Each structure stands twice: as C-alpha cells, then as structure tokens.
Amino acid sequence: MSFENYEILAERSKKVIYKDGDSVLKVFDSDYSKADILNEALNLARIEETGLKVPKLLEVSKIDGKWAIRTEYIAGKTLARLMEEDPDRLDEYLDRFVTIQKEIFSKEAPLLNKIKDKFNRKISESRFDATTRYELHTRLDSMKNHKKICHGDFTPSNIIITPGDDCYIIDWSHVTQGNAAADAARSYMLFCLRGKDEVAERYLELFCRKTDTAKQYVQQWMPIVACTQSVKGKESEQAFLERWVNVVDYE
C-alpha cells in the first residue's frame, strides 16, 4: 500500500497522520513500540465510552510492516487556528478551551493508568540528580489523589471546531486519570513552551476562576510537570524546563 496519494495532515516524531477519505490514518514508524500503539488505541476506546466528543476508533492494523490506527475524520478548524485567525476573540476562545477541559474533568474512566504512576516513572527516568528526583517524588506523593480524566496534552491544537460549532477533542495518547491541577499545569507549560507566556497567564487565571482552584495549588505541580516533559529529550526545551524544576517553592 502506498501513502503517496493521501493528504498529510501532520508529521510528528516517528509518526505521520494522513487523511484517507472519511477517516484519519496515524502511521507509526516500524521501530515504534507496539505496546504504546495498542495502549493509545485502548485509551481512545475508553474515552469514547465516557460520552466525550472524540473521533471514533475504527481499526488498528499493520500496513507495509508499520502499525496504524484508523479513526473517524472530523472536518473543521483547530481552536489554535481560530485563535491565530481572530486574535480579538482570544478571551472567548480561551473561555471555551477551559469549558471543554472542565467537561473532560467531569468524567471518569477507572481503567486508565494513574497520573501519579506515570509521573513517578518519568521522574525516575529523568537526568536530574538524586536529590532533585527525591524532592520531586516527595512533592508528587504529597499531592491529593483524584480520579478525573487528564488529557495529558490539552492544547488548542487538539480541539477541532466543526462547521456546526461542535467541539471534538483529539490525540488521547497521553491520557491518564488523576488530579486536574496537574493537567492544568501541563496546559500552562505547553503555552509557555510555544512562546505564548501572556496566553499562558490568561489561561491560568481563567482556569482557576472557573474551577475555583487556588493558583498556588496548580503552581505546585509545575516542577513535577516540567520534569516529566524533560524526559522527551528535546534539547531546545531543556534549559527552560530545568529552571522550573529547580524552583523549590514555585511562585
């Protein structure tokens, strides 16, 4: 099978996402972890069962020696693109962004992996020294245990607004269950990593107001989240993330 005639929607590290008629085909490199691919498909199936608006999982298959996940194609524009096209409506779009995030947090999927387990593993895998890792493990252990669905990569580029104004949430490969403040800290960090510091601050203010969450509580997660992100190994991010990790009391 050749992918030459397919429209490329996105290219990521070790994967390419194509449009194939009414479906989307995410094709992974041949050396990609089979367990991670199957887990991503399972995650999406479990999220579908919560009733959240997500592209339906259609099949998992192997094409020319490469694993692929086929999902429903959702026509529309990402919220990120709408923000770029109409910056005067940023506050309106951010409000919608947080509203969608709150809806995700209102659901539970008891069989998902726990965020604390994932974060503890990532801290242990990081290249920070033993003292820093100990402080981060201790901080993580002190955080409250919740069972809310945490998307794990909740950014405006992972929300599609259809022509009928419905919102679909995509890319559930990092989903876990746990504390919502951790997911908010990650969304804040992802805005910052894209150079959108002002948007990050506006997002955090809005999130805390709409969820009645103390900003300090979200900020306590920042060093932990920065450490987990550092494990991805993107050299361009390392210095920025290290500054966050090395803040003992985030202010």
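Here's a quick rundown of the structure. (Residues numbered from 1 in each chain as written. Predicted model: local features only at pLDDT ≥ 70, side-chain atom pairs only at ≥ 80, totals over all residues. Heavy atoms only, no water.)

**Notes on the sheet that holds strand E6 (residues 77–78)**
Thinking step 1. What the three strands build is an open sheet, ordered E6-E8-E9; its pairing is antiparallel. A single partner strand is all that each edge strand has here, and the edge strands are E6 and strand E9 (167–169).
Thinking step 2. Of the pairings in the sheet, the one linking E6 to strand E8 (residues 159–161) comprises two bridges and is antiparallel in character. Within E8, the residue paired with Lys77 across the bridge is Ile161. (Pairing = 2+ DSSP bridges. Helix = DSSP H or I, 4+ residues; strand = E, 2+ residues; numbered from the N terminus.)

**Looking at the pattern of salt bridges**
Thinking step 1. Scanning the model with the defined rule gives 15 salt bridges in all.
Thinking step 2. One salt bridge in this structure joins Asp95 and Lys210, with 3.2 Å as the shortest N-O distance. Of the two residues, Asp95 is situated in helix H3 (residues 90–105) and Lys210 in helix H7 (residues 197–211); the sequence distance between them amounts to 115 residues.
Thinking step 3. By relative accessible area, Lys210 is classed as partly exposed at 27%.
Thinking step 4. The shortest N-O distance in the salt bridge between Glu198 and Arg202 comes to 3.2 Å. Of this pair, Glu198 and Arg202 both sit in helix H7, four residues apart, which is roughly one turn of the helix.
Thinking step 5. In this structure Arg202 comes out as partly exposed when scored by relative accessible area, which is 31%.
Thinking step 6. Among the ionic contacts, a cluster of salt bridges with common partners joins Asp20, Glu59 and Arg70. (Salt bridge = Lys/Arg side-chain N within 4 Å of Asp/Glu carboxyl O. Buried < 20%, exposed > 50% of the residue type's maximum accessible area, 1.4 Å probe, protein only.)

**Remarks on the layout of surface pockets**
In this approach, a probe sized like a water molecule rolls over the atoms, and the result shows the empty space that is left.
Thinking step 1. Counted as a void, the second largest pocket has a volume near 240 Å³.
Thinking step 2. Residue lining of the second largest pocket: 14 residues in total, with Ala80, Met83, Pro156, Phe191 and Lys196 positioned closest to the centre.
Thinking step 3. At the level of secondary structure, the elements contributing two or more residues to the lining of the second largest pocket comprise helix H2 (79–85) and helix H6 (180–193).
Thinking step 4. Looking at the lining of the second largest pocket, its residues break down into eight nonpolar, three polar and three charged. (1 Å grid on protein atoms, 1.4 Å probe; cavity = no way out; pocket = protein on both sides within 12 Å on 5 of 7 lines; lining within 4 Å. Points joined across faces, edges and corners; volume = space filled by probe spheres on them. Nonpolar A, V, L, I, M, F, W, Y, C, P; charged D, E, K, R; others polar.)

**So, the nonpolar core**
Thinking step 1. Of all hydrophobic cores here, the largest spans 60 residues; its most connected members are Leu94, Trp172, Tyr203, Val218 and Trp221.
Thinking step 2. At ten residues, H6 tops the list of elements feeding residues into this core.
Thinking step 3. Leaving out residues up to four positions away in the same chain, Trp221 has contacts with Phe119, Leu140, Met143, Asn179, Ala181, Ala182 and Ala185.
Thinking step 4. Judged by nonpolar contacts, the second largest core, of seven residues, contains Leu25, Val27, Ile63 and Ala68. (Core = buried A, V, L, I, M, F, W, Y, C linked by side-chain atoms within 4.5 Å. Contact = heavy atoms within 4.5 Å.)

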